[in-house]
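# Remarks on the overall topology
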Amino acid sequence: MAAKTDQLLIVVSILEGRHFPKSPRLSLVVQASFDGEQLATDPVEHREQPQFSTELAWELDRRTLHQHRLQRTPIKLQCFAVDSVSKKRESVGYIVLDLRSVQEVKQEPRWYPLLSSKYTKQRPALLLSVVLENDTKPSEPSPDRFKARKAPPRQGSPAVTELLPDKLEAVLIPDQGYHQLGPADHCTDVFVLSVTVAFATKLEQLIPNTMKLSAEGSEFFFYYSLLGNDITSEPFHNLLSPDFEPERASVRIRSSKQILQTFLSQQPGLEIHLCCGNHSLGSTDVSLAALSAVSVDLENKTATVEGAFVLQPPKRIKQTLPALPADLQPNVGVAVTLRREEATPQPLGSKDGSGAQMHSVPPSAPPSVPPAEQRPRSSSPVQKPHDSSSPRPPLPPPSSHTESEAESLLEELQHCKEQAGPAAPDLEVPVPLQGRTEATAEGGASSVSVSAPKVSIPSSAHHYCFSLDLRSLGNLSLTHPVAATLRYSYQFFGSAAPIMTNPPVELQRNMEVSLPQSYCAFDFAALPQQLQDTFLRVPLVVEVWHRDSTSRDQLIGRASVQLSHLLSSERSRYLDSTGEQSWRQTHQDRIPVVKTHCPTEKVAELSYLATLEDLGLVKAREVIVSDSSQNELVAPTQPSSHPAAPRPAAPSLPTALLGPTAPTAPTAPTAPTAPRDTLEYRMALELELWKEEQEDLFDDQLRKKELSHMQALAEEWRRRDREREALVKKKEVEYNLLEEQLQKTLSDLEKREKQLAEAELETQRLQRELRAEHSLTQRELQESSRRLQQECDHRVALERDKVRLMEEERARLLQQIADGESRYKQLEKEFQLYREQQNIRPEFRLQSEINLLTLEKVELERKLESTIKSKLHYKQQWGRALKELARFKQREQENAMTRLKKQQAELEAMRLRYLATEEKEAVRQDRQELDNIRNELNRLKQQEDKLGPASSRSGPAPAPGLSESADEHLSRLLEERDTLLRTGVYTHEDRIIAELNRQIQDAMRDRPDSL
């Protein structure tokens, strides 16, 4: 037998699963942990029987294995469901394997059910096998033992090059001008990812009917995001024939081929939007799957994805637009290339480097250029200097250009610098910042060199510099963190393009973050009153956006910066770089960020610092002049003794004709000269000749302008004619689609009319059947009502007979009571007479009184007993009658429910009315009987009260009898109440039960007094 090696491998084979629900959006991952080391399988499809086919191994020696077995260290396998969009993991269940049962002999795989599974209806399980294998690889003499995550791959198992994180991110290296993707020591190859927007067609199909194809001042451009950098194309104004130049945006990525392909496979498609201002008119998704294919050879070839992609309108507009045929679909031509760069990484600002955005910033400012070659439509935020109090150098308009014009821009700037030379700072003309770099230089006595006529600047205009520093954002009221980026625009500064902070910063509750690249300065010329009116009237609105890589940007809220506060702040004087005095006003504040739909709800707080610098009057002005007079020199005019009034549209007079004459010494008077030989006549003649020449020049200028205006009008007419033709074609397509929909609707209406006619016939048949059934049911109900009426009349007659008998019995009892009262009165009279006679003999008188009272008591007790018996008999009869009545009612109700199960609600109401009438009559009779009984009891009580003083005079012996009578009265009332409740006819809410309860309470209250 071969000797056993000390190095072992615990191999867990995860083969497949079963009883998993199918979910296209999710994928399954099994993560195994042992001794603090975690290994995971590759993601597989979330289906009923997922195929893992993966082996996970841990290396250890026999001694360590023995210790783990003694400690019963488990091998825990956790199964996760991973969302392919949000990368969120959710536990599906787990399996615990016992290390003591693992053997070196290979065993058959077993099904292990998942514990604590989220899929309770099904029983998901995994097919696993665990085995110990000898590690046959040569061991290196090293005191440090392997860790599982650092162990080399096993032979025969899938090779794992690196354990990458779940989501790869490209990190910007500003100093080197590239993005680092993956570990820097392993990923050393440099790749160039380029995106080119070449052409666009049929863009007018994206415009709704309510919007014009081209509005005055509207600009259209393409927008996309490349590795977190916002790229916009050259703006164009005509959708019918977009006249933008193809532009290419490139980023340099330092990585390896495998990691770069993995990164591209994780990235969503490249979304390219056609925008107008802040609105997206349409978008397309360019898939990067071809670039991430394993078969692509990036060492020798360039991977390319190109073609014409269809632009889809947004959902809110897509509902209003009709479906278009394939030949009228709006398209955009896009090419995405990925190649390997052989040259070494170039520094920031090279032609193909990531620093294609070229800013003229001071040397002290750190580089803050995003690594993408792009052309924003507006000025980018200028990096804030280190020392804000130092003299600020003049800021040229910052902008960025694409790779196709980088060289020409550099050459143009260099050529302008050579021509300008040491130009004086006083002659620099401050103009509003635009999205393009215009190098202008002026000489001391030469005319202003401009490429096109400019807007005239008034002589009283001031040169202003406005700077805004968005410092921090905090006090977030939302429950979830946001990736905040700020955006604002102010057209008064000369640009309507938005200014945005980049990159986004993560903001959470109860924290405050600083905003990167949030400083921007604007140079512009304006009148002081115009500046004050605009700042008082128009606030600067800052929008806070949440930028998510998996979804569209969301507007969190808006903050309004009141620029009027800046005007009311304290003004400070300082010396600028030219040594001239300037004024500066600074305002710092914290303003709330509120929601757009709920202005009273606060979202966050924004801290900002605004500065306004007044650099004095504009040193030079750009004047609109005609083409013929642009090259003439303009010198300051001096007053002349012969001023000539020029024509309204004529340029100013040349200085050669109005120059002053040289002074002459006084001489003696000479002979008079001819009028035509005088200097004044020659000057007037030259002036008239010059006027005629200028009039001819002016007429030529007017004719040229008229010709140019006519050509512009003709071009505008042709453009609008093309727009009308495109609009007519678009309307024709829409009308054809509407006609097809109308035809389809008409056919549907005809089918519906046929269905309605058939349904109407069926309804009429059902109505006839229902009428027949209703008449039959009505006859049955009438017959049942007649029978029920007869039965009720018979029962009423029987009850009336019973009532008559009870009335007779009541009359007899009343007569007996009246006779007893008359005898009682007579006996009382006799007793009074006897008492008067026995006044002479007290003993016999008292004895006779005692005898008479005893006899009377016996007689009264006998009467009371007979009365109680009769009352009890009456109560029994009454209880039996009530029970019989209840049984009869229940039997009748059951019979009525059996017979009248199919009757309608009218018969039920009639039956309830009859039952209510009967019950009311019975209740009225019972109430009358109880009233009579109560009157009789009251009368007896009065009699007992009358007999009370006589018995008290005779002695204390009758007191126990009265107490016993009170107890009997109380027990009788309780028995009556219980008897009525046991019948089932009465409840505690009935009036008779409430009256008995009241009498019982009175009797119980009087009982202690009697004792």
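What counts and what doesn't
Residues numbered from 1 in each chain as written. Predicted model: local features only at pLDDT ≥ 70, side-chain atom pairs only at ≥ 80, totals over all residues. Heavy atoms only, no water. Helix = DSSP H or I, 4+ residues; strand = E, 2+ residues; numbered from the N terminus. Buried < 20%, exposed > 50% of the residue type's maximum accessible area, 1.4 Å probe, protein only. Arc of directions from axis to C-beta. Contact = heavy atoms within 4.5 Å. Core = buried A, V, L, I, M, F, W, Y, C linked by side-chain atoms within 4.5 Å. Salt bridge = Lys/Arg side-chain N within 4 Å of Asp/Glu carboxyl O. Pairing = 2+ DSSP bridges. Axes fitted to C-alpha atoms, helices over the stretch in contact; angles between N-to-C directions. Disulfide = S-S within 2.5 Å. Phe/Tyr/Trp six-rings, centres within 6.5 Å; stacked < 30°, edge-to-face > 60°. Patch = residues over 30% accessible without salt bridge, like charges linked within 9 Å, V, L, I, M, F, W, Y side chains within 5 Å. Areas by Shrake-Rupley, 256 points an atom, 1.4 Å probe, with all protein chains shown as cover. pLDDT = per-residue confidence, 0-100. Lys, Arg positive; Asp, Glu negative; His and termini not counted. Charge placed at Lys NZ, Arg CZ, Asp CG, Glu CD.

Moving on, we get to the overall build of the chain. Scanning the chain for helices and strands turns up eleven helices and 30 strands. Evaluated residue by residue, the chain yields a buried proportion of 33% over its 1011 residues.

Turning our eyes to something else, we now look at helix α5 (residues 528–537). Along α5, the residues that are buried comprise Leu531, Thr534 and Phe535. Along the axis of α5, the buried residues cluster in a sector spanning 95°; they form a single face. In α5, the exposed positions angled more than 90 degrees off the buried face are occupied by Leu536 and Arg537. Elements that come into contact with the buried residues of α5 comprise β20 (462–474), β21 (482–490), β25 (519–526), α6 (564–567) and β30 (602–617).

Put simply, asparagine 502 and proline 503 share a cis peptide bond, and its omega is 0°. With respect to the element layout, proline 503 can be found in the loop between β22 (495–500) and β23 (505–507). Positive phi is not limited to glycine here, since lysine 87 has a value of about 60°. Its location among the elements puts lysine 87 in the loop between β6 (74–83) and β7 (89–98). The phi dihedral of glutamine 517 is positive, around 50°, even though this residue is not glycine.

Turning to the nonpolar core, a few remarks are in order. Membership of the largest hydrophobic core comes to 43 residues, with the highest contact counts inside it found for Phe222, Tyr224, Leu274, Leu291, Val336 and Leu338. Residue assignment for this core shows that the elements contributing at least two residues are β12 (189–201), β13 (220–226), β15 (247–255), α2 (257–266), β16 (270–276), β17 (279–286), β18 (303–310) and β19 (331–340). Broken down by element, this core gets its largest block of residues, five residues, from β12. Other than its neighbours up to four places away in sequence, tyrosine 224 contacts Val195, Val197, Asn229, Asp230, Ile231, Ala249, Leu270, Glu271 and Ile272. Grouped together as the second largest cluster of nonpolar side chains are 40 residues, Leu486, Val505, Leu515 and Ala610 included.

Moving on to the pattern of salt bridges. It is possible for side chains bearing opposite charge to pair when their charged atoms get close. Counted under the stated rule, the structure contains 45 salt bridges. The residue arginine 547 makes a salt bridge to aspartate 553 at a minimum N-O spacing of 3.7 Å. Take aspartate 553: its relative accessible area is 34%, and that puts it in the partly exposed class. One salt bridge in this structure joins glutamate 605 and arginine 590, with 3.2 Å as the shortest N-O distance. Residue glutamate 605 is located in strand β30, and its partner arginine 590 is located in strand β29 (residues 581–594); the two are separated by 15 residues in the primary sequence.

The sheet contact formed by β6 and β7 spans nine bridges and is antiparallel. Residue pairing for β7: proline 74 is matched across the bridge by aspartate 98. The antiparallel hairpin formed by β6 and β7 contains five residues in its connecting segment, where lysine 87 sits at a positive phi of about 60°.

Glancing now at the sheet that holds strand β14 (residues 229–232). Spatially, the four strands line up as an open sheet ordered β14-β13-β16-β17, and their pairing is antiparallel. Looking at strand neighbours, the two that pair on one side only are β14 and β17, the edges of this open sheet. When the angles between neighbouring strand axes are averaged without regard to direction, this sheet yields 25°. As judged from the seven bridges shared by β16 and β17, these two strands associate in the antiparallel manner. When the sheet's bridge partners are listed, histidine 273 is paired in β17 with serine 283.

This part is about the state of the cysteines. What makes a disulfide is a covalent bond joining the sulfur atoms belonging to two cysteines. Scanning the entire structure with this criterion turns up zero disulfides. Of all cysteine sulfurs in the structure, the one in cysteine 275 sits closest to cysteine 276, which takes part in no disulfide; the separation is 8.8 Å. Accessibility expressed as a relative area gives 14% for cysteine 276, which makes it buried. No disulfide involves cysteine 520; its sulfur sits 9.7 Å from the nearest other cysteine sulfur, which is in cysteine 465. Overall, the relative accessible area of 1% leaves cysteine 520 in the buried class.

The next thing to look at is the packing of aromatic side chains. Under the definition given, this model contains 16 aromatic pairs. Between tyrosine 490 and phenylalanine 493, the ring centres sit 4.8 Å apart and the planes meet at 45°, which makes this aromatic pair tilted. By relative accessible area, which is 7% here, tyrosine 490 ends up buried. Aromatic side chains phenylalanine 493 and phenylalanine 522 sit 4.9 Å apart centroid to centroid with 25° between the ring planes, which places their arrangement in the stacked category.

Residues Tyr681, Leu685 and Leu689 make up a contiguous nonpolar surface patch of about 270 Å² in total accessible area. The exposure class assigned to leucine 689 is partly exposed, which follows from its relative accessible area of 48%.

Let's shift gears to the confidence of the model for the chain. Across the chain, the average pLDDT comes to 75, with 74% of residues at or above 70. This model gives residues 620–671 a pLDDT under 50, and the stretch forms 39 contacts once residues within four places in sequence are excluded.

This brings us to α2. If you check which residues of α2 are buried, you get Lys257, Ile259, Leu260, Gln261, Phe263 and Leu264. Residues of α2 that are buried sit in contact with β12, β15 and β19.

A sheet is described by the order of its strands in space; here four strands give the open sequence β5-β1-β9-β8, paired in antiparallel fashion. The open sheet terminates on both sides in strands that have one partner only, identified here as β5 (51–61) and β8 (110–113). Averaged over all pairs of adjacent strands, the angle between strand axes in this sheet comes to 30°, irrespective of strand direction. Sheet contacts for helix α1 (residues 62–71): β1 (7–18), β5 and β9 (125–134); angle to β5, the most-contacted strand, approximately 105°.

Together, Glu688, Glu692, Glu693, Asp696 and Asp699 line one region of the surface with negative charge. Considering the arrangement of structural elements, one finds aspartate 699 in helix α7 (residues 679–837).

The residue leucine 132 is located in strand β9 in this model. Distance in space between the C-alpha atoms of leucine 132 and valine 105 is 7.4 Å, their sequence separation being 27 residues. Ignoring any residue separated from it by four or fewer positions in sequence, one finds leucine 132 in contact with Leu9, Ile10, Leu65, Arg69, Val102, Gln103 and Glu104.

Of note, arginine 571 is situated in strand β28 (residues 571–575). Contact partners of arginine 571, with chain neighbours within four places excluded, come to Trp583, Arg584, Gln585 and Asp614.

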